[in-house]
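Chain residues, written in single-letter form:
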Amino acid sequence: MLMLGRDLVLVLMRLSKIPQFIPLWKTLLHNPSALLPKFNGIGQLMSMPCSNFLLSFRVSLHVSRRVEFLLKLKNLAGSKHLDWFAKIHLSAVDSGSLRAEIMRYVWYNIHLPEFQQPAAIETRAQFLNWLLRNAKAGAEMQWCKLMLLFDWLGFENQPPNSLTFVEPAFSVIRHLISSYPPLANSLVDFLIRISNTFHPSLTSYFSNCITTAMVSLSAAGMPIADVLDNPRLEKPLKDSFRETFPGVFFAKKTSPPLAPIIASVSDITKPSTSALSTEQPTLPPVEPPKKSRKKNVKRKISSDVESGEDIASTVIEVLELSDGDEEEDKSQPLSVLLPMLREEFKEHLERLDIAMRE
């Protein structure tokens with residue numbers, strides 16, 4: 001019996017209106033150890049996924065083969081194969097219960113290697129989306145929602161549970177949020193309500209399981225924040241979701257707005273006011289030309305020679321000034337400068353020489 005796991009709860013819910021199963025429900029809720037030793041009741045069943053082997057027997061062989069055929073198609077949206085499948089299996093009066101069982105059967109296929117590729121995941125989401133959208137309003141729609149989200153109520157991020165139990169439902173919501181927002185809002189609302197009303201004594205446990213599922217999907221790279229923060233999701237639902245599952249955080253990476261390079265288009269087309277101004281621009285005052293330091297040096301040399309001072313000290317001063325004057329004297333080496341000085345002061349030197357002899 002425990003091999004059915006949480007699917008045993010679904011089976012008993014289907015049979016809950018039969019009087020013979022009422023005592024079983026009472027025992028399961030109030031005295032579970034009477035059924036099996038060390039059995040803790042609903043909480044233990046919800047933490048155990050159903051065996052894949054048993055899931056394969058939820059539908060007949062003909063239905064299972066046709067479902068597997070549809071799931072192997074590359075693009076199922078708008079395919080004629082869906083109309084063909086609906087005409088064969090979902091057109092009868094009692095097809096409502098079969099629709100929900102087919103949705104549950106899809107969980108068996110997600111564990112097969114050929115159905116774990118990205119293309120197969122998208123096809124599976126399209127198929128579940130189609131089954132849910134074409135369900136009749138009322139009990140059939142509610143059962144389909146329950147089949148889709150039931151594994152979230154007992155999800156634990158450790159074996160035997162895995163992300164493959166919660167990924168299909170999230171992929172369906174991700175598809176519906178863009179293609180059919182009212183149904184996506186209805187699924188999120190159903191998830192919030194079922195965590196509080198399915199079994200009130202386990203509300204905290206269900207809330208933790210759904211939070212764990214959301215965090216695990218986000219860590220695996222699923223766009224949780226893009227779905228639950230989508231503007232098509234109603235704001236009261238967003239607030240209720242955050243209040244019911246406070247452990248789920250959606251970190252948004254916001255980049256600072258770029259500073260505009262041009263303030264507006266008018267700044268490009270509007271002529272500059274300075275170009276249209278008739279005022280004459282104010283020119284900076286013209287500084288008088290600087291007197292050449294070389295002329296001052298020549299005058300000093302002439303006066304010094306006439307006064308009889310040493311010529312050697314005067315030449316050294318000229319050389320020092322010429323080294324500092326980069327524009328005028330840097331290009332003149334000493335071998336060129338000395339002959340020029342001798343020629344310039346030739347007469348003064350001769351007079352000085354005659355005066356010293358006398």
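Above this text sits the structure in question.
Sequence order as written defines residue numbering, which begins from 1 separately in each chain. Owing to the predicted nature of the model, reporting of local features is limited to residues with pLDDT of at least 70; listing and counting of side-chain atom pairs is limited to 80 or more, with chain, interface and lining totals taken over all residues. The side-chain quantities take in all heavy atoms of the structure and omit both hydrogens and water.

J.: Explain the overall build of the chain to me, using residue names and the numbers behind them.
T.: Under the DSSP-based scheme used, a helix requires at least four consecutive residues in state H or I and a strand at least two consecutive residues in state E, with every element numbered from the N terminus. Across its full length, the chain carries 20 helices and 0 strands. The contacts in the chain between residues at least 6 apart in sequence include a share of 70% that link residues at least 24 apart. Note on areas: Shrake-Rupley with a 1.4 Å probe; residue coverage comes only from the protein chains shown. Carbon together with sulfur atoms contributes 58% to the accessible area of the chain, which is approximately 22200 Å² in total. Throughout, a residue-residue contact means that at least one pair of heavy atoms, one from each residue, lies within 4.5 Å.

J.: Can you lay out a nonpolar patch on the surface for me, pointing to particular residues and giving the numbers?
T.: Taken together, F69, W84 and I88 make up a surface patch of nonpolar side chains, about 270 Å² in accessible area. Within the secondary structure layout, F69 lies in helix 5 (residues 61-71). Residues forming no salt bridge and having over 30% relative accessible area are the ones grouped into patches, like charges within 9 Å of each other and nonpolar side chains (Val, Leu, Ile, Met, Phe, Trp, Tyr) within 5 Å. What counts as a salt bridge is simple: a side-chain nitrogen of Lys or Arg found within 4 Å of a carboxyl oxygen of Asp or Glu.

J.: Talk me through the nonpolar core; I want residue IDs and the actual numbers.
T.: Residues grouped as a nonpolar core are buried Ala, Val, Leu, Ile, Met, Phe, Trp, Tyr and Cys residues, joined through side-chain atoms within 4.5 Å. With a 1.4 Å probe rolled over the protein chains alone, any residue whose accessible area is under 20% of its type maximum counts as buried; one over 50% counts as exposed, and the rest are partly exposed. Core analysis: the biggest nonpolar cluster contains 76 residues, and F85, I102, F127, L132, L148 and W152 have the highest contact counts within it. Sort the elements by how many residues they give to this core and helix 11 (residues 181-197) lands first, with 8 residues. Non-local contacts of F85, meaning those with residues more than four positions away in its chain, are made with V63, R66, V67, L70, L90, I102, F127 and W130.

J.: Explain the packing of aromatic side chains to me, and be specific about the residues and the numbers.
T.: Only rings of Phe, Tyr and Trp enter the pairing, Trp through its six-membered ring, and a pair is recorded when the two centres are within 6.5 Å. The plane angle decides the type: under 30 degrees is stacked, over 60 is edge-to-face, the rest tilted. Enumeration according to the criterion identifies 9 aromatic pairs in this entry. The structure contains a cluster of three or more aromatic residues connected by ring pairs, namely F150, F198, Y205 and F206.

J.: Please set out helix 10 (residues 167-179) residue by residue, giving values where relevant.
T.: Take the residue count of a helix, subtract one, and multiply by 1.5 Å to get its expected span. Here helix 10 spans 18 Å end to end across 13 residues, near enough to the 18 Å set by a 1.5 Å rise per residue. Most of helix 10 sits out of view: 10 of its 13 residues are buried. E167, P168, A169, F170, S171, V172, I173, H175, L176 and I177 are the residues of helix 10 that are buried. In this structure, the buried residues of helix 10 make contact with helix 7 (95-109), helix 8 (118-133), helix 9 (139-149), helix 11, helix 12 (203-219) and helix 13 (224-228).

J.: I'd like a description of the pattern of salt bridges, backed by residues and values.
T.: Following the criterion strictly, the structure yields 12 salt bridges and no others. With its nearest N and O atoms 2.7 Å apart, the salt bridge here joins E101 to R58. You can see E101 sitting in helix 7 and its partner R58 sitting in the loop between helix 4 (52-55) and helix 5, a full 43 residues away along the chain. One salt bridge connects R242 with D229, and the closest N-O pair in it is separated by 2.5 Å. In this pair, R242 sits in helix 14 (residues 235-244) while D229 sits in the loop between helix 13 and helix 14, placing the two residues 13 residues apart along the sequence. Judged by its relative accessible area of 37%, R242 is partly exposed. A relative accessible area of 15% means that D229 is categorised as buried. What you see here is one network of salt bridges that share partners, running through R6, D7, R14, R58, E101, R104 and D151.

J.: Account for the environment of T123, naming residues and giving values.
T.: In this fold, T123 is placed in helix 8. Among the residues examined, T123 registers a relative accessible area of 1% and is labelled buried. As a C-alpha pair, T123 and K74 span 49 residues in sequence and 6.6 Å in three-dimensional space. Apart from residues no more than four positions distant in its own chain, T123 is found in contact with L70, L71, L73, K74 and L76. The term polar contact refers here to a pair of N or O atoms within 3.5 Å; inside protein, the definition further demands a hydrogen-donor-capable atom paired with an acceptor-capable atom, and it admits residues adjacent in sequence only when both atoms are side-chain atoms. A distance of 3.0 Å separates the side chain of T123 from the backbone oxygen of A119, its partner in a polar contact.

J.: Explain the side chain of K238 to me, and be specific about the residues and the numbers.
T.: Relative to the assigned elements, K238 resides in helix 14. Charge counting follows a simple rule: Lys and Arg are positive, Asp and Glu are negative, and His as well as the terminal groups are ignored. Buried charge K238 goes without a salt bridge, the closest partner of opposite sign being D229 at 5.6 Å. Leave out the neighbours within four places in its chain, and K238 touches L228, D229, N230, P231 and L233.

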